[in-house]
Amino acid sequence: MTILIKALQVILALSTLIVIHEFGHFFFAKLFGVRVDKFYLFFDAYDRKLLSTKSGWFSRLFPKAKEWETEYGIGWLPVGGYCKIAGMIDESMDTEHLKNEPQPWEFRTKPAWQRLLVMAGGVLFNFIFAILMYSSILAIWGESYIANKGNKIYVNDLAYEMGFRNGDEILSYDDYVPENFGMLQADLARQTARKATVLRDGDTLDIYIDHNMIGKVLNTPGMFDLAVPFNIKEVAENSPNAGADIRQGDRIGSIGGEEVSFVQEAWPILEAHKGETIPVTILREGDTLEIAMAVDTAGRLGVHLMPPEVQQREYSLLTSIPAGFRKTFSTIGGYMKDLKLVATPSTEAYKSVGSFIAIGQVFPATWDWYSFLSIIALLSVMLGVMNLLPIPALDGGHIVFTLYEMITGRKPSDGFLYIAQLIGMLLLFGLMILAFGNDIIRIIK
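As the structure is a computational prediction, the values presented were derived from the model and not from experiment. (Residues numbered from 1 in each chain as written. Predicted model: local features only at pLDDT ≥ 70, side-chain atom pairs only at ≥ 80, totals over all residues. Heavy atoms only, no water.)

A. Quick look at the packing of helix α3 (residues 112–141) against helix α8 (residues 317–342). For the pair α3 and α8, interaxial distance at closest approach is 7 Å and the crossing angle is 130°. If you check the angle between α3 and α8, you find them oblique. When you trace α3 past α8, the crossing you get is right-handed. Residues F127, A130, I131, Y134, S135, L138 and A139 of α3 form the contact with α8, whose participating residues are L317, S320, I321, A323, G324, F325, K327, T328, T331 and I332. Within the contact of α3 with α8, the residues separate by chemical class into 11 nonpolar, five polar and one charged. (Axes fitted to C-alpha atoms, helices over the stretch in contact; angles between N-to-C directions. Helix = DSSP H or I, 4+ residues; strand = E, 2+ residues; numbered from the N terminus. Parallel < 35°, antiparallel > 145°, perpendicular 65-115°, else oblique. Left-handed = near helix turned anticlockwise from the far one by under 90°. Contact = heavy atoms within 4.5 Å. Nonpolar A, V, L, I, M, F, W, Y, C, P; charged D, E, K, R; others polar.)

B. How the structure looks around the pairing of strand β15 (residues 287–294). Pairing of strand β14 (residues 277–284) with β15, which is carried by eight bridges, proceeds in the antiparallel orientation. Paired with V280 across the strands is I291, a residue of β15. (Pairing = 2+ DSSP bridges.)

C. A look at the pattern of salt bridges. Tallied over the full model, the rule gives 16 salt bridges. Measuring nitrogen to oxygen at the nearest pair gives 2.5 Å for the salt bridge that ties K30 to E69. Residue K30 is located in helix α1 (residues 2–31), and its partner E69 is located in the loop between α2 (56–61) and β3 (71–75); the two are separated by 39 residues in the primary sequence. The salt bridge involving D206 is made with K195; its shortest N-O contact spans 3.6 Å. (Salt bridge = Lys/Arg side-chain N within 4 Å of Asp/Glu carboxyl O.)

D. Molecular detail of a nonpolar patch on the surface. Among the surface-exposed residues, L12, I140, W141, W367, W369 and Y370 lie close enough to one another that they form a single nonpolar patch of about 630 Å² accessible area. Looking at the secondary structure, you find W367 in the loop between α9 (356–362) and α10 (369–387). With relative accessibility at 38%, the residue W367 sits in the partly exposed group. (Patch = residues over 30% accessible without salt bridge, like charges linked within 9 Å, V, L, I, M, F, W, Y side chains within 5 Å. Areas by Shrake-Rupley, 256 points an atom, 1.4 Å probe, with all protein chains shown as cover. Buried < 20%, exposed > 50% of the residue type's maximum accessible area, 1.4 Å probe, protein only.)

E. A look at the nonpolar core. By size, the foremost hydrophobic cluster in this structure holds 39 residues, and its most contacted members are I85, F107, V118, F363, I376 and V385. Listed by contribution, the elements that provide at least two residues to this core are α1, β1 (36–43), β4 (77–85), α3, α8 and α10. Among the elements that make up this core, the one with the highest residue count is α3 (11 residues). Within the second largest apolar cluster, 24 residues are counted, among which are V155, F164, F181 and M213. (Core = buried A, V, L, I, M, F, W, Y, C linked by side-chain atoms within 4.5 Å.)

F. A look at the packing of aromatic side chains. Under the counting rule described, the total for this entry stands at 23 aromatic pairs. Pairing F26 with F39 gives two aromatic rings, centres 5.6 Å apart and planes at 85°, and the pair type is edge-to-face. Of this pair, F26 sits in helix α1 while F39 sits in strand β1, placing them 13 residues apart in sequence. Take F26 and F39: they sit in the same class, and that class is buried. Between W141 and Y370, the ring centres sit 5.3 Å apart and the planes meet at 80°, which makes this aromatic pair edge-to-face. Taken together, the residues span a long stretch of sequence, with W141 in helix α3 and Y370 in helix α10 at a distance of 229 residues. The exposure class of Y370 is partly exposed, given its relative accessible area of 33%. (Phe/Tyr/Trp six-rings, centres within 6.5 Å; stacked < 30°, edge-to-face > 60°.)

Next up, the structure:
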């Protein structure tokens, strides 16, 4: 059931984003009088399709659909979608139209600025959709996060190897001051900082970053866990320590004679004393008390902890719109930094590239609107930024050629555009193979 729910979320999210992206091209093409021959979700390779408005049961139910200028449909190959614009060399690699005289309703006869908008329409609509999603999320749920300031880290092996220690408070990466604790690891990679300044035992010190380890940072989740002090909020009703003298605000300083600064340090100790009663040191308003506490068979004391302080920002419908703009452009900036890392072989960030299999792992196992909208907004940004890359088969490649024409006054030849499109398609296939290969390796591991 979990796999099914994740698969449905992936299909719904990607289908929505593909349709929105292609509709951006469609909108501007129609606006400028360019004929659109096909509008397809997924590819109808070898002319095989799941649905077409010009054939099959749909045309029998709606005979007038055959007269529509544009054929709408769903292909069988779920690796994207396309909007076939008359008079344009696109991913279909159809060059038959080049044998005929240019027509006024073709893409190639329109002014450069109109062709530029047609090409940029998909990216523009992806960014607009992300703004709408982020604005909606902020208006409904607001924004919440754990602040970095005042909180300490609990490190894994990689962070320890890089020089970080349990209980450090990260103050800055070079001149950048992290705000969101949950983004500390991503910020470490994106900022490509030379040093991290931390507060350790009351002293400020610098940790110099080895950039050869950035690849490990990107591929090793959980570098910085929140170091949670063992501050007790209350005793659970079914706790084996329900009758013990434990009060709200008590802090556990040691368990079984071993000092405990954070909850994470207590786990292996409790695990080793399952079902036993052990001495525990309690710190209470300047006093130190020692009491005997029972550890249940699951290795727990049966107490609830004081939750970390969460920063909460509320937005009205009006204020959520500019906040949605800021969130979108902040996400665009962050993802562009990620792509820069991927394009730098020494970081080995290319190993983190994934296909729809990796995307599926991001979605929760149960349906949750907040998570779904947040992920689809992020994916919309990613799709928009990816399509801006100056690769001929992507929108970015077409945009570059059109800008070249607008600046120089010389239009690239149709033969050049065909070859460039072919090279771009090969590059994209290579990227797809890399993404699938990474996912398969991760599954095997």
